[in-house]
Amino acid sequence: DPRDNIIIECEAKGNPVPTFSWRRNGKFFNAEKDPRVSMRKRSGTLEISFRSGGKPEDYEGEYQCFAMNDFGIAISNKILLRVSKSPLWPKEVLEPLMVSEGSPLVLVCNPPPGLPPPTTFWMNSAMMPIIQDKRVSMGLNGDLYFSNVLASDANTDYSCNARFLFTHTIQQKNPFTLKVLTIRNIPETTPTFLSPSGTSSSKMALRGEELLLECIAAGVPTPGIKWFKKGGDLPEKKVKFESFNKTLRIVSVSEEDSGEYVCMASNKIGSIRHTVSVQIKAAPYWLQKPTNLVLAPNENGQLVCLASGNPKPSIQWLINGEPIESDRKVVDDAIIFNSVQIGSSAVYQCNASNEHGYLLANAFVSVLDMAPRLLGPRNQLIKVIEQSRAMLDCPFFGSPVPEVRWFKNGLGIAPDNVKYRLHNNGTLEIKHARSEDHGTYTFVANNILGQAEEQIRLEVKEPTRIVRAPEHLSVNRGNTAHFDCKIKHDPTLPIIVTWLKNDKPLHFGWIKFKKDENSLSIPNVNSDDEGTYMCMVKTELDQDFASARLTVLDRPDPPEDLELSDPAARSVRLTWVPGNDNNSPVRQFLVQYEENRWRPGEWQNLSSYTGDQNSVNLLLSPFVNYQFRVIAINSVGPSRPSGPSSRYQTSGARKCPSPRSLNNPLLDTQRNGPELRYVVSWRRKDSQEEWNNISTTSSKHVVSDTETYVPYEIKIHAVNDFGRGPESSMVIGYSGEDRPSAAPAELRVTKADSTKVNLHWVSVDPTSIHGEFKEYRVSSYSRHHSLHLVKSNETLNTGVLTELIPYSKYKMYMVVANNKFEGPHSNIVEFQTKEGVPGVPKFFRIVQRNTDTIHLEWDKPLEPNGILIGYTLQYRTGSSEVISAELYLQCIVGNISFFTLSFIPSYTSTCVYVFCLVAYSKDHVDIATQGWFIGLMCAIALLVLILLIVGFIKRSRGGKYPVRDKKDLPMDPGREEGCSNMPSLSTHSNSSDEDNKPLQGSQTSLEGNVKESDDSLVDYGEGGNGQFNEDGSFIGQYTVKKDKEETEGNESSEATSPVNAVYSLA
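Residues numbered from 1 in each chain as written. Predicted model: local features only at pLDDT ≥ 70, side-chain atom pairs only at ≥ 80, totals over all residues. Heavy atoms only, no water.

Peer 1: For the overall build of the protein, give the residues involved together with the corresponding values.
Peer 2: In terms of helices and strands, the protein carries four helices and 80 strands. Within the span of the protein, comprising 1066 residues, buried residues form 39% of the whole. Nonlocal contacts in the protein, meaning residues at least 24 apart in sequence, comprise 64% of its contacts between residues at least 6 apart. (Helix = DSSP H or I, 4+ residues; strand = E, 2+ residues; numbered from the N terminus. Buried < 20%, exposed > 50% of the residue type's maximum accessible area, 1.4 Å probe, protein only. Contact = heavy atoms within 4.5 Å.)

Written as structure tokens, this is what we have:
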């Protein structure tokens, strides 16, 4: 912009700090002598100011910047400075244009040349753009094209405007006046091209730029444009069709976009084609740009400069901005250096150019000798994720180029390009880091002048993963949506969990969203909460994310636009528009009606239809003034009702239907006409009397002065103003019931049990019931019961009374009942139920636990159901993982309510006890405490012992058998792996010694062993720890005879239970 200051930037760095100079049009430009020109400090940037006068045009030209220090000179690309111009449109007088309707037309813009060229657009005098379409459009050159002119195109102000970007100005051309000659019938014509002309043309574009091809055709009707490429397809990813298909734009063209492009214009009259031959040229572009080179004295090297273009660019080498001397060895695109010496450092320039442009690159060749030097931070810590790539980077410098080696924990690493790869800059790459790669790595760089070392610590972390991702949810409106996001990560890496909705972060706090460590909750969801929710977890090294969709289901919106059509005498068609289903498909439409004669304002269900219907034929009743509405129903629930339809009146019918029964009068929609009334007829059954008749509008009529419980024949029919309906079927009805006059006699009970009893009585005479027999009813009075019913027919005289309370006294009587009344009482009987099984104790708990005791406490059952005489305590022992299947029993007298269980503590394992307490009464004692059970067990044990002795005597007569030496261990049925020794159970009570005596046959100690019989096999020396199967077969093992004194030392002084006794014998 000529009004702005001119700034030409040039920056460079070096050591020593470089100085700058400029050339303009190939000659030295002395910025210090021009008062308008200044150069920034420590920079080569020029600033040209025009505050004190001067013209920007005076400074137009080609500029080039030079930066230099003791080691060489670098130069910039050439910079072309031009001042933007916005010339005025030449003055001209435009004559009005006269065009026949249907003819093509081109309004030429031809804007004044500018720098850069202006953009053009067409407007009218009201500053409104000219509407463009398939028929009227602006070409790439700014002209306005009419494929065919219509009468509506006549206008006096078609104005072309040119906008100049840098000067921010718009120039307007004088407007065109267009007059259209209308004709009656516009002739149809085949297409012709307005732009470009002819059947072929050519186009050239540079690589990387845009290619614009245009085809505008005339014709009636307006032709359509299609594009093709000969010998191939259009590049879909780079092609854009613009201006109603008239312009083909290909972005960033390359050599493969060369070829012949065909545009075809066609209408119903015919078609034409135009071929555009496209050539893609290229300004120079780098294949290999020269880079800085460091050489040690007497070393060899080369600079390579590879560029391509179309046509192929030429390469020119410069040194410090001047043409290179002939003694330098240049081979193809490279400069060769042999045995360089100190002091030969310089900056070399490579210039690649062709007719479309040029490239310039600087490369510094430095000749020096230096021991290895480390350039990066010391003692680095590098963290990587397992299975990811680890780059151990240790920047260094040296001349000659140092040799690089890597060590891990003192051992050398040999790069194999499989696990380890050593880059040219010395970086060690571990392609897939694993946990064993964790450790300290040592970097060593050495050359002939010295050595440098550095240590880097590598930590390999577990990856961050979402192990339970959120799942897609469909939630009813008002409910809570819950997304899971369970995360697994390295515990040494802090994580940040972020939730996003539709890619925007959610904000937590007082707002409705709630999150915890592993989930997100959205209470009371509504339609605004729908969207895609993403759980994103990040650490300093990696991240993971997972997303799910929330769909909110809601009741459907009400149907709309109800319309009635196809009216008939007894039907009409109802049509509606369904509302939004709110993500849950409509399953059903419910049609309701309201009539304004008998129940105005009350809506009733008429019929329902499947959710895919929106037009139904409604079957209607006579003489009803209908109004309809529709309710949509989905899985969430019903919608609000739609608005009501218009009213529809059906005509009356000549007959009424008959009532379905005496208890079901006609519905309002069954009246079929005005003034509905019922005619009721009745007479005594089998009397052949004349019918009694009455007419009523009510649905109820009472017949008075009848005898008690007499059958009547009854019938009814309906009548309205249009006529009489059919009679109903005749039914039998009875007059009212009276109180029964007789009582059941000789009530007695038999077979009284704990919860039931048999009843016997003498039935009443059926005539004394004075109504329909219902049941014999028993009333019983006790502490627990008040009423029982014994259902039976009138001729039966026995029944069973159940659900009685055990051990309770009852007093009862019986009556006979009809549907309304009870008769007089029978005689009263008394009885008592037997004892039953006691209920569970009121509570049972451990009140104290010590290292060697457990204190238990309980209370009597709320329902003892008899005389409570004792409790059975059952328990098992085991470890924290396995509970023993072996069950221990202890019987306790009924007046004791707490016990202490003692045992030997274990300090190496945990012992678990499982307890169960059962109460028993006098008539319901545990089988293990019954005398007959104890006697039976003792007899079986004695018989088994005798058989065992006889068998061994017979066996010993056959000779001696070899035995296996094995120590006979004492029997310990309470020992469990992982637990302490067998516990003992003792009671503590203030009662007398007599109260503490165990019940007969009960086990008093679980710790003592039962003394073996005098006839035990131990005495025979053939083994003493054998066992029997249930059938008596021996399953033990022969052992050496156990010492008699050791056996006697384990005897118990207390009586053993039958169960323990059998176990001891086995």
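Peer 1: Break down the state of the cysteines for me, citing the residues and quoting the values.
Peer 2: The term disulfide refers to a covalent linkage connecting the sulfur atoms of a pair of cysteines. Inspection of the entire model under this criterion finds five disulfides. One disulfide in the model links C305 with C350; its S-S distance is 1.7 Å. Note on the C305 and C350 pair: the S-S dihedral is about -70 degrees, so by sign convention the disulfide is left-handed. Taken together, the positions of C305 in the loop between β27 (301–304) and β28 (306–310) and C350 in strand β33 (residues 346–354) put the pair 45 residues apart, joining distant regions of the chain. Covalent S-S linkage joins C485 and C535, the inter-sulfur distance amounting to 1.9 Å. (Disulfide = S-S within 2.5 Å.)

Peer 1: Give me the sheet that holds strand β56 (residues 571–577): which residues, what numbers.
Peer 2: Strands sit in the order β55-β56-β59 across an open sheet of three strands; the sheet is antiparallel. One side of each edge strand has no neighbouring strand; the edge strands of this open sheet are β55 (560–565) and β59 (615–619). Adjacent strand axes in the sheet meet at a mean angle of 25 degrees when their direction is disregarded. Examined bridge by bridge, β56 and β59 share five bridges and lie antiparallel to one another. Bridged to L574 within β59 is V616. (Pairing = 2+ DSSP bridges. Axes fitted to C-alpha atoms, helices over the stretch in contact; angles between N-to-C directions.)

Peer 1: Go over a negative patch on the surface with me, naming the residues and quoting the values.
Peer 2: A surface patch of negative charge is lined by D557, E560, D561 and E563. Summarising the element assignment, D557 is placed in the loop between β54 (543–553) and β55. Since its relative accessible area comes to 32%, D557 is described here as partly exposed. (Patch = residues over 30% accessible without salt bridge, like charges linked within 9 Å, V, L, I, M, F, W, Y side chains within 5 Å. Areas by Shrake-Rupley, 256 points an atom, 1.4 Å probe, with all protein chains shown as cover. Salt bridge = Lys/Arg side-chain N within 4 Å of Asp/Glu carboxyl O. Lys, Arg positive; Asp, Glu negative; His and termini not counted. Charge placed at Lys NZ, Arg CZ, Asp CG, Glu CD.)

Peer 1: Mind laying out the sheet that holds β54, listing which residues take part and the relevant values?
Peer 2: What holds strands together in a sheet is hydrogen bonding between their backbones, with the strands either parallel or antiparallel. Read across the open sheet, the five strands follow the order β46-β54-β53-β49-β50; overall the sheet is mixed. Across the chains shown, the open sheet's two edge strands, defined by having one partner strand only, are β46 (473–476) and β50 (504–505). Of the strand pairs in this sheet, strand β53 (residues 531–538) and β54 are connected by eight bridges, and their pairing is antiparallel. Within the sheet, the bridge partner assigned to M536 lies in β54 and is F545.

Peer 1: Provide a residue-level description of the environment of N298, including the pertinent values.
Peer 2: Tracing the sequence through the fold places N298 in the loop between β26 (293–295) and β27. Here Q341 takes part through its side chain, which lies 2.7 Å from a polar atom of the side chain of N298. (Polar contact = N/O pair within 3.5 Å; in protein donor to acceptor, adjacent residues only side chain to side chain.)

Peer 1: Break down the pattern of salt bridges for me, with residues and values.
Peer 2: All chains considered together, the criterion is met by 26 salt bridges. One salt bridge connects E822 with R777, and the closest N-O pair in it is separated by 2.6 Å. Of the two residues, E822 sits in the loop between β72 (809–818) and β73 (829–832) while R777 sits in strand β69 (residues 773–781), which places them 45 residues apart along the sequence. Taking the relative accessible area as the measure of exposure, R777 reaches 15% and is therefore buried. The residue E857 makes a salt bridge to R845 at a minimum N-O spacing of 3.5 Å.

Peer 1: Tell me what's going on with the nonpolar core, and back it up with residues and numbers.
Peer 2: Judged by nonpolar contacts, the single largest core of 21 residues is most densely connected at L392, W406, I430, Y441, F443 and L458. For this core, the elements supplying multiple residues, two or more each, are β36 (380–385), β37 (390–392), β39 (403–408), β42 (428–430), β43 (439–447) and β44 (450–461). With four residues, the single largest contributor to this core is β44. Not counting residues up to four positions away in its chain, the partners in contact with L392 are I382, W406, G426, T427, L428, I430, Y441, I456 and L458. (Core = buried A, V, L, I, M, F, W, Y, C linked by side-chain atoms within 4.5 Å.)

Peer 1: How would you summarise unusual backbone geometry if you had to cite specific residues and measurements?
Peer 2: Residue P16 follows N15 across a cis peptide bond; omega there is 5 degrees. Structurally, P16 can be placed in the loop between β1 (6–8) and β2 (19–24). Between S195 and P196 the backbone carries a cis peptide bond, its omega angle lying at -10 degrees. Take P196: it is sitting in the loop between β17 (189–195) and β18 (200–206). One non-glycine residue with positive phi stands out, namely Q688, at about 55 degrees.

Peer 1: An account of the pairing of strand β52 (residues 519–522) is requested, with residue identities and associated values reported.
Peer 2: Neither face of β52 is open: one carries S519 and S521, the other L520 and I522, and all of them are buried. The pairing of strand β47 (residues 481–484) with β52 spans four bridges and is antiparallel. Bridge assignment links F483 to a residue of β52, and that residue is L520. Judged from the two bridges that link them, strand β51 (residues 514–515) and β52 form a sheet pairing that is antiparallel. For K515, the partnering residue across the bridge sits in β52 and is L520.

Peer 1: Quick rundown of the pairing of strand β67 (residues 745–750)? Include the residues and the values.
Peer 2: For β67 and strand β68 (residues 757–762), the ladder comprises four bridges, and the chain directions are antiparallel. Note on β68: the bridge partner recorded for T750 is N758. Where β67 folds back on β68, the antiparallel hairpin that results is connected by six residues, among which K751 adopts a positive phi of roughly 50 degrees.

Peer 1: Run through the confidence of the model for the protein, naming residues and quoting values.
Peer 2: Confidence in the prediction of the protein, expressed as mean pLDDT, is 81, and 83% of residues score 70 or more. In the model, residues 783–788 has pLDDT below 50 throughout and makes 23 contacts with residues more than four positions away in sequence or in other chains. Confidence drops under a pLDDT of 50 for residues 958–1066, and excluding neighbours within four residues, the segment shows 173 contacts in the predicted structure. (pLDDT = per-residue confidence, 0-100.)

Peer 1: Account for the environment of V525, naming residues and giving values.
Peer 2: As for its position among the elements, V525 is in the loop between β52 and β53. Looking at V525, the relative accessible area reads 1%, which means it is buried. For the pair formed by V525 and N476, sequence separation is 49 residues and the distance between their alpha carbons is 7.7 Å. Every residue in contact with V525, bar those within four places of it in the chain, is listed here: V475, N476, R477, G478, N479, A481, K512 and V552.

Peer 1: Describe the packing of aromatic side chains, with residues and values.
Peer 2: Counted according to the given criterion, the structure contains 22 aromatic pairs. Between Y593 and Y626 the ring centres are 5.4 Å apart and the planes differ by 70 degrees, which places this aromatic pair in the edge-to-face class. In this pair, Y593 is assigned in strand β57 (residues 588–595) and Y626 in strand β60 (residues 625–633), connecting sequence segments 33 residues apart. Taken individually, Y593 and Y626 each receive the classification buried, so the pair is uniform in this respect. Ring pairing ties together the aromatic residues F844, W858, Y871 and F899, which thus form one cluster. Over the aromatic face of W691 sits the side chain of K715, whose NZ or CZ is 4.3 Å from the ring centroid. Here the basic side chain of R845 rests over the ring of F843, its NZ or CZ set 3.9 Å away from the ring centre. (Phe/Tyr/Trp six-rings, centres within 6.5 Å; stacked < 30°, edge-to-face > 60°. Lys NZ or Arg CZ within 6 Å of the ring centre and 35° of its normal.)

Peer 1: Tell me about the environment of E822, residues and numbers included.
Peer 2: Judged by its relative accessible area of 31%, E822 is partly exposed. Along the primary structure E822 and A742 are separated by 80 residues, whereas in three dimensions their C-alpha atoms are 9.9 Å apart. If near-sequence neighbours (up to four positions away) are discounted, E822 is found in contact with R739, P740, R777, V815, V816 and A817. Of the polar contacts made by the side chain of E822, one reaches the side chain of R777; its length is 2.6 Å.

Peer 1: Outline the side chain of S366, listing residues and values.
Peer 2: Inspection of the secondary structure puts S366 in strand β34 (residues 357–367). If sequence neighbours within four positions are ignored, S366 has contacts with L293, V294, L295 and S345.

Peer 1: Report on the side chain of T222, specifying residues and quantitative values.
Peer 2: Along the chain, the position of T222 falls in the loop between β20 (216–220) and β21 (224–229). Apart from the residues within four sequence positions on either side, T222 is in contact with K134, R135, S147, N148 and N267.

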